[in-house]
Amino acid sequence: MLSYQHGFHAGNHADVLKHAVLSLALARLTEKDRPITYIDSHSGAGCYDLEGERALKTGEASSGVLRLLGRNDAPGGLAPYLSLCERLYADGRRYPGSPAVAAALTRAEDRLVLMELHPGEHERLKAAMSADARAHVHFRDGFTGLTALCPPVPRRGLALVDPSYETDGDYPAAAEAVRTLARKWPEGIVAVWYPLVPRRAAATERLKSEVAEAGKGGVLCVEFCPSRADESEWGLFGSGMLVTNPPWRLDEDIGACLPWISGALAADASASSRLEWLSPRQ
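Residues numbered from 1 in each chain as written. Predicted model: local features only at pLDDT ≥ 70, side-chain atom pairs only at ≥ 80, totals over all residues. Heavy atoms only, no water.

Draft legend 1. Up close: the overall build of the protein chain. A tally of regular secondary structure across the protein chain gives nine helices and ten strands. For 282 residues, the compact-globule estimate of 2.2 N^0.38 gives 19 Å, and the C-alpha radius of gyration of the protein chain, at 17 Å, lies within 12% of that figure. Based on the C-alpha atoms only, the size of the protein chain along its principal axes is roughly 50 × 45 × 40 Å. Among the 282 residues that make up the protein chain, the fraction classed as buried is 52%. Expressed as a percentage of contacts within the protein chain between residues at least 6 apart in sequence, the contacts between residues at least 24 apart total 78%. As displayed, the protein chain offers around 12000 Å² of accessible surface, 52% of which is attributable to carbon and sulfur atoms. (Helix = DSSP H or I, 4+ residues; strand = E, 2+ residues; numbered from the N terminus. Rg over C-alpha atoms; globule rule 2.2 N^0.38 Å. Buried < 20%, exposed > 50% of the residue type's maximum accessible area, 1.4 Å probe, protein only. Contact = heavy atoms within 4.5 Å. Areas by Shrake-Rupley, 256 points an atom, 1.4 Å probe, with all protein chains shown as cover.)

Spelled out as structure tokens, the structure:
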């Protein structure tokens, strides 16, 4: 489906978790001198106007990233991500999507491969990334693109698998993408974002199990729920990230930042977060 447009949800609690984990992983990857490739399967528009009609219609950023701006007590590992958010918000009330996060936190020798199939979002993505010669923007389905474009050059790198999950088919497609990348690009890191929605709890658990199988036990799982007080059948009450083949000490980095994120974005006393290693079935 091509109805989803992330501008309605930009900067919400799920974005904060996703982009915080992404920024920590990229920080570890770029510690070494060798270049990397960053691949984004469902890139969206690249950058979002938090005072535009879509963002204001939902107001989700107000309980997400806007709670974090200007605070001076954040863990040091979040500084690159939060500095980027503060800079873009000061310069036009914008929020960085994952392509903008990756562009800001990588180096001149690194490569960005960005895919988006929604026509309007693709045009906005091209415009947002037009000044970055490292960025290769593809108008194509992200799942088939991952298969076609991997292994990348340079081979070191990270792929973010981030579909909208508007349909039940996105869950098995994401798991299949991880299996394919494990076979074609075994040295690559794969980060899979997923929503926590009550009516798709079984699909979520199946996704986590299948990614754990593909990752052969080296899979980090991090989840954050700002509230469990009002779980409607359709409501997004939290989100999670799975990271296969994670960089060294990424678990420690996330562990140092997750309690602060959870405390800053908690909606009530039912807020929760967790970080664990997933193991394949024996």
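Draft legend 2. Focus on the packing of helix 7 (residues 170-184) against helix 8 (residues 201-215). It is the contact of helix 7 with helix 8, at a shortest axis distance of 9 Å, that shows an interaxial angle of 5°. In terms of orientation, helix 7 lies roughly parallel with respect to helix 8. Contact residues: Y171, A174, A175, V178, R179 and A182 in helix 7; A203, T204, L207, E210, V211 and A214 in helix 8. Grouping the amino acids of the contact of helix 7 with helix 8 by side-chain chemistry returns nine nonpolar, one polar and two charged. (Axes fitted to C-alpha atoms, helices over the stretch in contact; angles between N-to-C directions. Parallel < 35°, antiparallel > 145°, perpendicular 65-115°, else oblique. Nonpolar A, V, L, I, M, F, W, Y, C, P; charged D, E, K, R; others polar.)

Draft legend 3. Quick look at the packing of aromatic side chains. Following the criterion strictly, the structure yields two aromatic pairs and no others. Measuring from ring centre to ring centre gives 4.7 Å for Y165 and Y171, while their planes differ by 50°; the resulting arrangement is tilted. In this pair, the class of Y165 matches that of Y171, namely buried. The interplanar angle of 55° and the centroid separation of 6.0 Å between the aromatic rings of Y165 and W193 together place this pair among those described as tilted. Here Y165 is found in the loop between strand 6 (157-161) and helix 7, whereas its partner W193 is found in strand 7 (residues 189-196), with 28 residues between them in sequence. As far as burial versus exposure is concerned, Y165 and W193 are alike and both buried. The ring of W193 carries K18 above its face, with NZ or CZ at 5.2 Å from the centroid. Note that R249 overlies the ring of W248, its terminal NZ or CZ placed 5.1 Å from the centroid. (Phe/Tyr/Trp six-rings, centres within 6.5 Å; stacked < 30°, edge-to-face > 60°. Lys NZ or Arg CZ within 6 Å of the ring centre and 35° of its normal.)

Draft legend 4. Quick peek at the pairing of strand 5 (residues 135-138). In the sheet, strand 4 (residues 111-115) pairs with strand 5 via four bridges, with the strands oriented parallel. If you follow L112 over to strand 5, its bridge partner there is A135. Between strand 4 and its parallel partner strand 5, the chain crosses via helix 5 (residues 119-129), and the hand of that crossover is right-handed. (Pairing = 2+ DSSP bridges. Right-handed = clockwise from strand over helix to strand, strands pointing away.)

Draft legend 5. The arrangement of the environment of S130 in detail. Here S130 shows up in the loop between helix 5 and strand 5. Here A127 takes part through its backbone oxygen, which lies 3.0 Å from a polar atom of the side chain of S130. (Polar contact = N/O pair within 3.5 Å; in protein donor to acceptor, adjacent residues only side chain to side chain.)

Draft legend 6. Quick look at the environment of S63. Take S63: it is sitting in the loop between helix 2 (53-58) and helix 3 (79-90). What makes S63 partly exposed here is its relative accessible area of 32%. Residues S63 and P226, 163 residues apart in the sequence, show an inter-C-alpha distance of 9.3 Å.

Draft legend 7. Representation of the pattern of salt bridges within the structure. Throughout the structure, instances matching the rule amount to 22 salt bridges. A salt bridge links E252 to R249; its shortest N-O distance comes to 2.9 Å. Assessed through its relative accessible area of 34%, R249 is described here as partly exposed. Each of E205, K208, E223, R274 and E276 takes part in a single network of salt bridges with overlapping partners. (Salt bridge = Lys/Arg side-chain N within 4 Å of Asp/Glu carboxyl O.)

Draft legend 8. Up close: the sheet that holds strand 10 (residues 272-278). One open sheet holds the eight strands; their spatial order is 5-4-1-6-7-9-8-10, and the pairing between them is mixed. The sheet is open, and its two edges are formed by strand 5 and strand 10, each paired on a single side. Across this sheet, the average inter-strand angle for adjacent strands is 15°, counted without regard to direction. In this sheet, strand 6 lies alongside strand 1 (residues 37-40) in parallel orientation, the contact comprising four bridges. The residue of strand 6 that forms the bridge with D40 is L160. The strands touched by helix 8 are strand 7, strand 8 (219-225), strand 9 (238-244) and strand 10; relative to strand 7, the strand with the most contacts, the crossing angle is about 170°.

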